[in-house]
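Here are the chains, one letter per residue:
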Amino acid sequence: MSNIKKRFDHIKQRIDQALESNERLLTNPVSLLAVSKRHPREKIQALYDLGQRDFGESYVQEALEKIRQLSHLDIIWHFIGPIQSNKTRQIARHFQWVHSVDRLKIARRLSTQHSENALPLNICLQINISQETQKSGFSLLEINAAVKEIMTLPNLALRGLMAIPKAEPTIDRQRIAFRQLKQLMQQLNQTHNLNMDTLSMGMSNDLEAAIAEDATIIRVGTALFGAREY
Ligand SMILES: *Cc1c(COP(=O)(O)O)cnc(C)c1O
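In this report, we go over the structure that sits alongside the text. (Residues numbered from 1 in each chain as written. Predicted model: local features only at pLDDT ≥ 70, side-chain atom pairs only at ≥ 80, totals over all residues. Heavy atoms only, no water.)

Our focus in this paragraph is the overall build of the protein. The number of helices and strands found in the protein is nine helices and eight strands. Relative to the compact-globule value of 17 Å for 230 residues, the protein shows a C-alpha radius of gyration of 17 Å, a close match. Taking the principal axes of its C-alpha atoms as reference, the protein extends roughly 50 × 40 × 35 Å. Per-residue burial for the protein yields a buried fraction of 52% across its 230 residues. Of the contacts made within the protein by residues no fewer than 6 positions apart, 60% connect residues no fewer than 24 positions apart. In the form shown here, the protein has an accessible surface area of approximately 11500 Å², with 48% of it arising from carbon and sulfur atoms. When the 30 positive and 24 negative side-chain charges of the protein are each reduced to one mean point, those points stand 5 Å apart. (Helix = DSSP H or I, 4+ residues; strand = E, 2+ residues; numbered from the N terminus. Rg over C-alpha atoms; globule rule 2.2 N^0.38 Å. Buried < 20%, exposed > 50% of the residue type's maximum accessible area, 1.4 Å probe, protein only. Contact = heavy atoms within 4.5 Å. Areas by Shrake-Rupley, 256 points an atom, 1.4 Å probe, with all protein chains shown as cover. Lys, Arg positive; Asp, Glu negative; His and termini not counted. Charge placed at Lys NZ, Arg CZ, Asp CG, Glu CD.)

Right, let's get into the environment of Ala-212. Along the chain, Ala-212 turns up in helix 8 (residues 207-212). Spatially, the C-alpha atoms of Ala-212 and Ala-118 are 35 Å apart, while their sequence positions differ by 94 residues. The contact partners of Ala-212, leaving out residues within four places of it in the chain, are Asn-22 and Arg-175.

The full set of residues close to the ligand is Val-35, Lys-37, Ser-58, Ile-80, Ile-164, Met-203, Ser-204, Arg-219, Val-220, Gly-221, Thr-222 and Arg-228. Contacts to the ligand include Arg-219, whose side-chain N or O atom sits 2.9 Å from a nitrogen atom. The side chain of Arg-228 places a nitrogen or oxygen atom 2.8 Å from an oxygen atom of the ligand. Here the ligand is seated within the largest pocket. Across the shell around the ligand, the residue classes break down as five nonpolar, four polar and three charged. (Near = heavy atom within 4 Å. Polar contact = N/O pair within 3.5 Å; in protein donor to acceptor, adjacent residues only side chain to side chain. 1 Å grid on protein atoms, 1.4 Å probe; cavity = no way out; pocket = protein on both sides within 12 Å on 5 of 7 lines; lining within 4 Å. Sits in = over half its atoms within 2 Å of the grid points. Nonpolar A, V, L, I, M, F, W, Y, C, P; charged D, E, K, R; others polar.)

Of all the residues in helix 6 (residues 143-150), the buried ones are Ile-143, Ala-146, Val-147 and Ile-150. Angular distribution of buried residues about the axis of helix 6 spans 100°; they occupy a single face of the element. Opposite its buried face, helix 6 presents the exposed residues Ala-145 and Lys-148, each directed more than 90 degrees away. Along its buried surface, helix 6 packs onto helix 5 (104-113), strand 5 (121-126), strand 6 (156-162) and helix 7 (171-192). (Arc of directions from axis to C-beta.)

Space inside the largest pocket adds up to approximately 640 Å³. Ile-164, Pro-165, Met-203, Asp-206 and Arg-219 are, among the 32 residues lining the largest pocket, the residues nearest its centre. Within the residue set of the lining of the largest pocket, elements represented by two or more residues are helix 7 and strand 8 (217-220). The element contributing the most residues to the lining of the largest pocket is helix 7, with six residues. Residues that form the lining of the largest pocket fall into these classes: 14 nonpolar, eleven polar and seven charged. Taken as a whole, the second largest pocket encloses approximately 200 Å³ of empty space. At the level of elements, helix 4 (88-94) and strand 5 are the ones that each hand at least two residues to the lining of the second largest pocket. By residue number, the principal contributor to the lining of the second largest pocket is helix 4, which donates three residues. Partitioned by chemical class, the residues of the lining of the second largest pocket number six nonpolar, five polar and one charged. (Points joined across faces, edges and corners; volume = space filled by probe spheres on them.)

Laid out in structure tokens, this is it:
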């Protein structure tokens, strides 16, 4: 059996186990975003051939090349990396999801630049949930005002929240930040009368904790593709 098939099966097992031990099996599915940054398109093709459709990329130039080369496949492309404002036009044109919207200015630009006759661009707001100074994302202090404006922007579908919490050694400690993100989404939905339905949280090392706190999209790179190649 190929390496990638083994890894793919193993991740699916980890997801199923986490769902079962939290009795989430029937209520609330979780989808797997395969993070293919720094991996060649051959690996994307291999995972696609096994049935995977959602792929995540973090670097615009690298991503655009893969999107062009694989344009014959019905892949759903998610942008998950840091966003410079001079790259928003290409992101708005070529991706169906953006998980890493971290400032108002970026949301405004994506809204303006996303072509109006296409489906709305699905976005998640990145939250600096562990309140680390070096990490990007909206702070807990500014998120309410930001949501108030972003929910009115045309061409965007505000789907939910994304976070990359700081690393923690145990599953119980990992769950704290994920729980905070979940509660923040509930609070924002209530305050602004919204229906955000997406919690993009959990990576190779903490996906069990994220699923236990109701993640709806987990973003997995290394555990699927191995160490990044370039
Ligand atoms: C690289 C990356 C991932 C995947 O991380 P792994 O630890 O390789 O699973 C997930 N989310 C974001 C935002 C990333 O940049």
